[in-house]
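Fold and contact review
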Amino acid sequence: SKATCGQTLAFDLKISAASQTSMATFTLRVGQPVGPGAPVVFQRVVPHGGLAIPDSGQAGVTDTLTINADLVIHDLDFQIDSLTHPFVGNLDIGLKAPDGFGASLINRMGVCSPTSCGNGTNDGDNLINTRIDDSSTNDLFAVGPAAAPFTGSWFATINSPRLFIFAPDPVPELSRYQGRGTQGDWKLSVIDLQFNNVGSLNGWSLIVTPVTFACSP
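This write-up is about the structure you can find in this document.

For the rest of this paragraph, the subject is a nonpolar patch on the surface. Together, F11, L13, I15, F26 and L28 make up an exposed nonpolar region whose accessible area comes to about 420 Å². Elements that contribute at least two residues to the nonpolar patch include exactly β1 (8-17) and β2 (20-29). Ranked by residue count, the leading element in the nonpolar patch is β1, at 3 residues. Among the structural elements, L28 can be located in strand β2.

Here it is in C-alpha cells:
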C-alpha cells in the first residue's frame, strides 16, 4: 500500500557475516519536517466513576490512554481534567510515553514563605483543569492552597526555583517529550505518599502540537 506523508515506516535489517547473523530494527518518517501543526487534544475520561487513589500506597495507581494517531511531538502539554483529593501535597503524578520515557510532572506541592518552602505541605483540595505547560510562568509547587483547585497553566513542579531538597531541573520537563511519537499506550501514575487521605483520578488529557511534514509529488 502507498505510504502517507508523515507516516512511520519500520524496517528490519538482517546482517550476516561469516557464521554470525544479527537483526536490527529502525524507523523512518515519510517526508521532511516543516514546522508545527495545529494542536490536537487526546482526552481520557476514566470509566466507572474514576480510579481510586489508595492511601499511602507506594505503588499508587496507573491509568492508560491509548493513542492510535501516528504523530511526532513538537510540543506537549499535560492536563489533569479532574482529580479529587483533599491534600494535593501528598501526591506524585508522573507521565510515561509509549517508548518508556517517563517524568514526574506534579510532585509534593508545597507551601512557601518568602524565605522557605515546606515540601508536600499544600493541603488544597483537588486538581481541576490543571495544565502543565513549559511556556507557563506560574509555579505550581509554590503557589499554596489558596489557589485550589489549581485551574490554569503551570510549569512542572520539578522546574520550580523554590525547591529546597534538591536543585530544580533546568530543562523544562515536558520538552523531554519533543521528537517522540504519540502512537501507543501513555501511562499516568498517581501515588499518595502520606496517610489519612484518599482520592480519585477522573480524567486527564494530552495536548499535542505535532510536527508537520511535506512530501514532494
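Let us look at the nonpolar core. In terms of nonpolar packing, the biggest core is built from 35 residues, with F78, I80, I93, W186, W204 and L206 touching the most fellow members. For this core, the element with the most residues is strand β7 (residues 73-84), which contributes 5 residues.

All right, on to the state of the cysteines then. Across all of its chains, the model carries 2 disulfides by this definition. Here C5 connects covalently by a disulfide to C215, the sulfurs 2.1 Å from one another. Negative torsions about the S-S bond denote left-handed disulfides, and the value of about 100° found for C5 with C215 makes this one right-handed. Of this pair, C5 sits in the segment before β1 while C215 is found in the segment after β15 (199-214), placing the two residues 210 residues apart along the sequence. Since its relative accessible area comes to 37%, C215 is described here as partly exposed. The side chain of C112 participates in a disulfide bridge whose partner is C117; the two sulfur atoms lie 1.9 Å from each other. Classification of the bridge connecting C112 and C117 rests on its S-S torsion, roughly 105°, and on that basis the disulfide is right-handed.

Spatially, 4 strands are ordered β6-β14-β8-β9 in an open sheet, and the strand pairing comes out antiparallel. Looking at strand neighbours, the two that pair on one side only are β6 (61-67) and β9 (102-107), the edges of this open sheet. Put simply, the sheet's adjacent strands are angled 20° from each other on average, direction ignored. Examined bridge by bridge, β6 and strand β14 (residues 184-192) share 7 bridges and lie antiparallel to one another.

Each value, and the rule that gives it
Residues numbered from 1 in each chain as written. Predicted model: local features only at pLDDT ≥ 70, side-chain atom pairs only at ≥ 80, totals over all residues. Heavy atoms only, no water. Patch = residues over 30% accessible without salt bridge, like charges linked within 9 Å, V, L, I, M, F, W, Y side chains within 5 Å. Areas by Shrake-Rupley, 256 points an atom, 1.4 Å probe, with all protein chains shown as cover. Salt bridge = Lys/Arg side-chain N within 4 Å of Asp/Glu carboxyl O. Helix = DSSP H or I, 4+ residues; strand = E, 2+ residues; numbered from the N terminus. Core = buried A, V, L, I, M, F, W, Y, C linked by side-chain atoms within 4.5 Å. Buried < 20%, exposed > 50% of the residue type's maximum accessible area, 1.4 Å probe, protein only. Disulfide = S-S within 2.5 Å. Pairing = 2+ DSSP bridges. Axes fitted to C-alpha atoms, helices over the stretch in contact; angles between N-to-C directions.

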